[in-house]
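Listed below, chain by chain, are the residues.
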Amino acid sequence: MTLAKLIVVTGKPGIFKISSQTKAGLLVESLTDSKRFPIHNIHNVSSLNDIAIYTDEDEVPLRTIFKTIYDKEEGKPTINHKESKKVLTDFFSEILPNYDVERVYPSNIKKIVQWYNMLVAAKFDFSGLEEKENTEEEE
């Protein structure tokens, strides 16, 4: 399982693994409860591999942020996404010190923390994440 095969869908909580493609969209499986259902072309879908976070200079891919959190937490879950705004922003400042505080909202940080914890719970392999995802982009 790679980040390229994992998506988030606007209006639906959680992370989904792409199982197959259909004429009208995608067939996905929830990482939390393994339920399968179709996502139609009308849904707004984003691949976790394509998401990036604004910094003062550039954008940092979400995979890099996940890898940083993974290394910091030694592969264990991190803080709860329901923590206060201050706790979340302080935590994110440790992970990505130069993030753009005007364009990255606490709600974005909350999602990143929640997604990371979901991936840990699903036993996602973070080791070598950057190399693996870069290799896929080159293909």
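Our structure's up above, just so we're on the same page.
Computed from a predicted model, the values in this text were never measured in an experiment.

Caption draft 1: Examining the packing of aromatic side chains more closely. All chains considered together, the criterion is met by 7 aromatic pairs. Taking the centre distance of 6.4 Å and the plane angle of 85 degrees together, the rings of Phe 66 and Phe 126 count as edge-to-face. In this pair, Phe 66 sits in helix H1 (residues 62-73) while Phe 126 sits in the loop between helix H3 (106-121) and helix H4 (129-138), placing the two residues 60 residues apart along the sequence. Note on Phe 66: relative accessible area 0%, which makes it buried. According to the relative accessible area criterion, Phe 126 is buried, its value standing at 1%. When the centroid spacing of 5.2 Å and the interplanar angle of 45 degrees are considered together, the rings of Tyr 116 and Phe 126 count as tilted. You can see Tyr 116 sitting in helix H3 and its partner Phe 126 sitting in the loop between H3 and H4, a full 10 residues away along the chain. This pair shows no difference in class: Tyr 116 is buried, exactly as Phe 126 is.

Caption draft 2: Region of interest: the side chain of Arg 63. Secondary-structure assignment places Arg 63 in helix H1. Given the relative accessible area of 7%, Arg 63 is considered buried. In this structure the side chain of Arg 63 is engaged in a polar contact, spanning 2.9 Å, whose partner is the side chain of Asn 49.

Caption draft 3: Examining the side chain of Glu 29 more closely. Its place among the elements puts Glu 29 in strand E3 (residues 25-30). An unpaired buried charge is present at Glu 29: no salt bridge exists, and Lys 17, the closest side chain of opposite charge, is 4.4 Å distant. Among residues more than four places away in sequence, those in contact with Glu 29 are Ile 15, Phe 16, Lys 17, Ser 19, Ser 34, Lys 35 and Arg 36.

Caption draft 4: How the structure looks around the sheet that holds strand E5 (residues 45-47). Strand order in this open sheet of 5 strands is E4-E3-E2-E1-E5, and the pairing throughout is antiparallel. Since the sheet does not close on itself, it has two edges, and those belong to strand E4 (36-40) and E5, each with one partner. Here the strands of the sheet are splayed against their neighbours by 45 degrees on average, with no regard to which way each runs. Across 5 bridges, E3 lies against E4 in antiparallel orientation. Directly across from Gly 25, in E4, lies its bridge partner His 40. Against the sheet, H3 touches strand E1 (6-9) and strand E2 (12-22), its axis set at about 60 degrees to E2.

Caption draft 5: Main features of the nonpolar core. Ranked by size, the top nonpolar core spans 31 residues in total, and within it Ile 15, Leu 48, Ile 65, Phe 66, Phe 92, Trp 115 and Leu 119 carry the most contacts. Counting residues per element, the ones that place at least two in this core are E1, H1, helix H2 (85-95) and H3. It is H3 that contributes the most residues to this core, 8 residues altogether. Not counting residues up to four positions away in its chain, the partners in contact with Phe 92 are Ile 53, Ile 65, Pro 97, Tyr 99, Val 104, Ile 109 and Ile 112.

Basis of the calculations
Position numbers for residues count from 1 along each chain, tracking the sequence in the order it is written. Given that the model is predicted, a residue must reach a pLDDT of at least 70 before its local features are reported, and side-chain atom pairs must reach 80 or more before they are shown or counted; all residues, however, enter totals for whole chains, interfaces and linings. For the side-chain quantities, the full set of heavy atoms in the structure was used; hydrogens and water were omitted. Pairing of aromatic rings covers Phe, Tyr and the six-membered ring of Trp, with a centre-to-centre limit of 6.5 Å; geometry is then stacked below 30 degrees between planes, edge-to-face above 60, and tilted otherwise. The helix and strand labels rest on DSSP assignments: H or I over at least four residues marks a helix, E over at least two residues marks a strand, and numbering proceeds from the N terminus. Here's how the labels work: a residue is buried when its accessible area is under 20% of the maximum for its type, exposed when over 50%, partly exposed in between, all with a 1.4 Å probe on protein chains only. Between N or O atoms, a polar contact is any pair within 3.5 Å; within protein, one atom must be a potential hydrogen donor and the other a potential acceptor, and residues adjacent in sequence are included only when both atoms are from side chains. Note on charges: Lys and Arg go in the positive column, Asp and Glu in the negative column, and His and the chain ends are not counted at all. One side-chain nitrogen of Lys or Arg within 4 Å of one carboxyl oxygen of Asp or Glu is enough to make a salt bridge. Whether two residues are in contact is decided by their heavy atoms: any pair within 4.5 Å suffices. Two strands make a pair as long as DSSP finds a minimum of two bridges between them. Every angle, taken between N-to-C directions, lies between 0 and 180 degrees, and every axis is a line fitted to C-alpha atoms, over only the stretch in contact when it is a helix. Among the buried residues, those of types Ala, Val, Leu, Ile, Met, Phe, Trp, Tyr and Cys that are joined through side-chain atoms within 4.5 Å form a nonpolar core.

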